[in-house]
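Residues per chain are reported as follows:
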Amino acid sequence: MKIEILYSKIHNATITDANLNYKGSITIDKALLRESKLFVGQKVEIANLNNGERFSTYIIEGKENSKVICLNGAAARKVQVGDKIIIMAYATCDIDKAESFKPTIIMLDEDNDIITTTNKE
C-alpha cells in the first residue's frame, strides 16, 4: 500500500511579488529550490498564513539568491506582497517506509533567508 506524505516544505516564506498578468505558477529563488529539494514544474500546495487561503500551483525557477517568492496568474489574487506562506510538496511512499521518511523543511526569516534546514542530507 502507498500513502501520500510531506516531501518538502518551505515555511514562513514572505511574498515578494504578485504578478496577475503571468500565465500561472509560483516563482521561487533557485537557491531556495535547491535547499528544499523542490523541482521546477513540481506541484505544490500553498497555505497563506495571513488570510487562510490554500491552493495548488506549480514551480518556476527564480533568479538565484534573489529571495523571490512570487505568485503568478490567478494565484496572485490570493496573496499580497508581505504575506507569509507555507509551500508544501507531497510524495507517494510505500506505507512500510513512511514512518522512517524525514521531509526536508526549511525555515525562512522575514527576508527569505534560510534560518534552519532539516534533513539536509
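The coordinates are above.
**Q** What am I meant to see in the environment of Ile-106 here?
**A** Mapping Ile-106 onto the fold places it in strand E8 (residues 104-108). In the structure, Ile-106 is positioned 93 residues away from Ala-13 in sequence and 9.5 Å away in space, judged by C-alpha atoms. For Ile-106, the contacting residues outside a window of four places in its chain are Lys-9, Ile-10, His-11, Leu-32, Glu-35, Ser-36, Ile-114, Thr-116 and Thr-117.

**Q** What is the right way to look at the side chain of Thr-14 in this model?
**A** Examined against the element boundaries, Thr-14 turns out to sit in strand E1 (residues 2-14). Given a relative accessible area of 10%, Thr-14 falls into the buried group. In terms of polar contacts, Thr-14 uses its side chain to reach the side chain of Lys-84, at 2.5 Å.

**Q** Sorry, what's going on with the pattern of salt bridges here?
**A** Pairing between side chains of opposite charge can happen when the charged atoms of each approach one another. In total, this model carries six salt bridges according to the counting rule given. Between Lys-78 and Glu-53 there is a salt bridge whose closest N-O contact spans 3.2 Å. Here the residue Lys-78 occupies a position in the loop between strand E6 (69-72) and strand E7 (84-94), and Glu-53 occupies one in the loop between strand E4 (43-48) and strand E5 (54-62), the gap between them amounting to 25 residues. The class for Glu-53 is partly exposed, based on a relative accessible area of 30%. In this structure, Lys-67 and Asp-113 form a salt bridge, with 2.7 Å as the shortest nitrogen-oxygen distance. Placement of Lys-67 in the loop between E5 and E6 and of Asp-113 in the loop between E8 and strand E9 (114-118) is noted, with a sequence separation of 46 residues between them. Taking relative accessible area as the criterion, Lys-67 reaches 29% and is therefore assigned partly exposed. Taking the relative accessible area as the measure of exposure, Asp-113 reaches 28% and is therefore partly exposed.

Parameters at a glance
- Residues numbered from 1 in each chain as written.
- Predicted model: local features only at pLDDT ≥ 70, side-chain atom pairs only at ≥ 80, totals over all residues.
- Heavy atoms only, no water.
- Helix = DSSP H or I, 4+ residues; strand = E, 2+ residues; numbered from the N terminus.
- Contact = heavy atoms within 4.5 Å.
- Buried < 20%, exposed > 50% of the residue type's maximum accessible area, 1.4 Å probe, protein only.
- Polar contact = N/O pair within 3.5 Å; in protein donor to acceptor, adjacent residues only side chain to side chain.
- Salt bridge = Lys/Arg side-chain N within 4 Å of Asp/Glu carboxyl O.

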